[in-house]
Amino acid sequence: MATNISEQPAKASGTYRIGGDVTVNRLGYGAMQITGPGVWGDPKDPAEAVRVLRRAVELGVTFIDTADSYGPFVSELLIREALHPYADDLVIATKAGLTRSGPGDWRPVGRPEYLRQQCELSLRHLGLDTIPLYQLHRIDAKVPLADQLGELALLRQEGKIRHIGLSEVSVAQIEESRGITTIASVQNLYNLANRSAEDVLEYCERNDLAFIPWFPIATGELARPGGPLDAISTAHGASPAQLALAWLLRRSPVMLPIPGTSSVAHLEENVSAADVRLTDDEFESLAKAS
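Please read all numbers here as calculations on a predicted model, not as lab measurements. (Residues numbered from 1 in each chain as written. Predicted model: local features only at pLDDT ≥ 70, side-chain atom pairs only at ≥ 80, totals over all residues. Heavy atoms only, no water.)

Visitor: So what's going on with the overall build of the protein? Residues and values would help.
Guide: Within the protein one finds ten helices and eleven strands. When the backbone C-alpha atoms are referred to their principal axes, the protein occupies close to 55 × 40 × 40 Å. Taken across its 290 residues, the protein has 55% of its residues classed as buried. Pairs at least 24 apart in sequence give 73% of the contacts found in the protein among residues at least 6 apart. As presented, the protein carries roughly 12200 Å² of accessible surface, and 50% of it is formed by carbon and sulfur atoms. Taking the 27 positively charged and 37 negatively charged side chains of the protein as two groups, their mean positions are separated by 2 Å. (Helix = DSSP H or I, 4+ residues; strand = E, 2+ residues; numbered from the N terminus. Buried < 20%, exposed > 50% of the residue type's maximum accessible area, 1.4 Å probe, protein only. Contact = heavy atoms within 4.5 Å. Areas by Shrake-Rupley, 256 points an atom, 1.4 Å probe, with all protein chains shown as cover. Lys, Arg positive; Asp, Glu negative; His and termini not counted. Charge placed at Lys NZ, Arg CZ, Asp CG, Glu CD.)

Visitor: Just give me the short version of the packing of aromatic side chains, but keep the residues and values in it.
Guide: One pass over the structure, following the stated rule, counts three aromatic pairs. A centroid spacing of 6.2 Å and a plane angle of 80° characterise the contact between Y70 and W106, whose relative ring orientation is edge-to-face. With Y70 in the loop between strand 4 (63–65) and helix 2 (74–83) and W106 in the loop between strand 6 (98–99) and strand 7 (107–108), this residue pair connects regions lying 36 residues apart in the sequence. With a relative accessible area of 28%, W106 lands in the partly exposed category. Taking 5.2 Å as the distance between ring centres and 15° as the angle between the ring planes, the aromatic pair formed by W247 and F283 counts as stacked. (Phe/Tyr/Trp six-rings, centres within 6.5 Å; stacked < 30°, edge-to-face > 60°.)

Visitor: For helix 8 (residues 240–251), give the residues involved together with the corresponding values.
Guide: Its twelve residues give helix 8 an end-to-end C-alpha distance of 16 Å, which sits within 8% of 16 Å, the value for a rise of 1.5 Å per residue. Most of helix 8 sits inside the fold, with ten of its twelve residues counted as buried. All buried positions along helix 8 are accounted for by A241, Q242, L243, A244, L245, A246, W247, L248, L249 and R251. For helix 8, the elements touching its buried residues are helix 6 (198–207), strand 11 (210–214), helix 7 (228–236), helix 9 (264–271) and helix 10 (280–289). (Expected span 1.5 Å × (residues − 1).)

Visitor: Now, about empty space enclosed by the protein: what can you tell me, with residues and values included?
Guide: Scanning the entire structure with this criterion turns up one cavity of 30 Å³ or more. Its boundaries defined by the atoms lining it, the largest cavity holds a volume of some 30 Å³. Along its surface, the largest cavity is lined by G28, Y29, P259, T261, L267, N270 and V271. The leading source of residues in the lining of the largest cavity is helix 9, at three residues. (1 Å grid on protein atoms, 1.4 Å probe; cavity = no way out; pocket = protein on both sides within 12 Å on 5 of 7 lines; lining within 4 Å. Points joined across faces, edges and corners; volume = space filled by probe spheres on them.)

Visitor: Could you give an account of the pairing of strand 5 (residues 91–96), naming the residues involved and the relevant values?
Guide: Counted residue by residue, strand 5 has six buried out of six residues, so it is predominantly covered. Side chains V91, A93 and K95 project from strand 5 onto one buried face, and the interleaved I92, T94 and A96 project onto a second face that is buried too. Each parallel crossover has a hand, and for strand 4 linked through helix 2 to strand 5 it is right-handed. (Right-handed = clockwise from strand over helix to strand, strands pointing away.)

Visitor: So what about the side chain of T66? Which residues, and what values?
Guide: The residue T66 is located in the loop between strand 4 and helix 2 in this model. Setting aside its immediate chain neighbours within four residues, T66 contacts A31, S75, E76, I79, I92, A93, T94 and K95.

Visitor: Quick one: what's the story with the environment of G28, residue by residue and with numbers?
Guide: Structurally, G28 is set in the loop between strand 2 (22–25) and strand 3 (29–30). When its relative accessible area of 3% is taken as the criterion, G28 is described as buried. Taking the C-alpha atoms as reference points, G28 and H266, separated by 238 residues in sequence, lie 14 Å from one another.

Visitor: Describe in detail the pattern of salt bridges, supporting the description with residues and values.
Guide: A full pass over the atoms with the stated rule returns 16 salt bridges. Taking the shortest distance from any N to any O, the salt bridge between R195 and E198 comes out at 3.1 Å. Its relative accessible area of 23% is what places R195 among the partly exposed residues. What makes E198 buried here is its relative accessible area of 17%. One salt bridge connects R250 with D280, and the closest N-O pair in it is separated by 2.3 Å. Separated by 30 residues along the polypeptide, R250 in helix 8 and D280 in helix 10 bring together distant segments of the chain. With relative accessibility at 37%, the residue R250 sits in the partly exposed group. A single network of salt bridges, built from pairs that share partners, joins R116, E120, E151, E158 and K160. (Salt bridge = Lys/Arg side-chain N within 4 Å of Asp/Glu carboxyl O.)

Below you can see the structure in the form of C-alpha cells.
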C-alpha cells in the first residue's frame, strides 16, 4: 500500500538529484548529534540514537549526512546498526579530512593516503560497496588541493565513491576544485540568521550543485518574543526552528537542509517543517530581517 505525504512529511520538501543521478528528498538528516558530548565517543543513549535513525527513514528522509570524524566513526556504525541493509532509495553521504584528538578538537588532514584509508574504513563501517556522496570535510592548506581531490577522483574511478563534495569552501575554491575533478555538492554553514555563504549558495544555484547547509535551524535574535519569527510562528502554529527550515527549503531548489538531533520528538518536529508553506510576504520579511 502506498504511503502518503502526511505519513512521510519529508516527501513534501520535494526532490533533488545530486550529481544529476542520485535522487533524494530535500529535507534530510545530519547524524553528528547521535554521538557523545563534543561529538566524541558513544551517545548517552545508543538505543535512542538507533530509534532516531529508523524514525527518520519512516518519516520519508532519504538523505543522511555523516562523517568519519563524528565519534570518530560512532555515527557511521550507528547508521549501519540501525538501517543496514539499506532501503534502495536511502542515500548516505559521509566525509573525510578532519582528524580528532579529543572532544571538540578538529584538525584538517588531507594527505592522499589518509583520505584513502578513511574512505576504506567508512565503506567497512557503513557496510557499503560505494559511497553515494563523499565529501572533503576541509581543505588541508598543507597539501596541494590537486593531490587531495585527485585521490578522491581515483577512488571514484575505482567505484568506491559515486560523487565528490566539498565542505566550508569559497567560490574561488569551488572553481579551483572543478578544474581538478567533477564536484556534485557543497556543504557550508548557512541558516536564516547567518547567510555569510550567500555567494556560495548563488554559485551552486547557477551551476546546479547541491548546497547542504549545516547548522540549518539557528534563528538567533530572530526568534525573540516580538521578533520577526514570533508572529509568523503564531500564524502557522509552527516553531521558529520549523520556520527556519521552511525558509531554507523555499530559498533555493538546490538546498538540502540536514537538521540533526538525538531525540525522536525533535526529529519529528524538524521533519514536519517540510509541510510549512510561507507566503511571499513572510519569506521576504524573514529574508530582510536577517
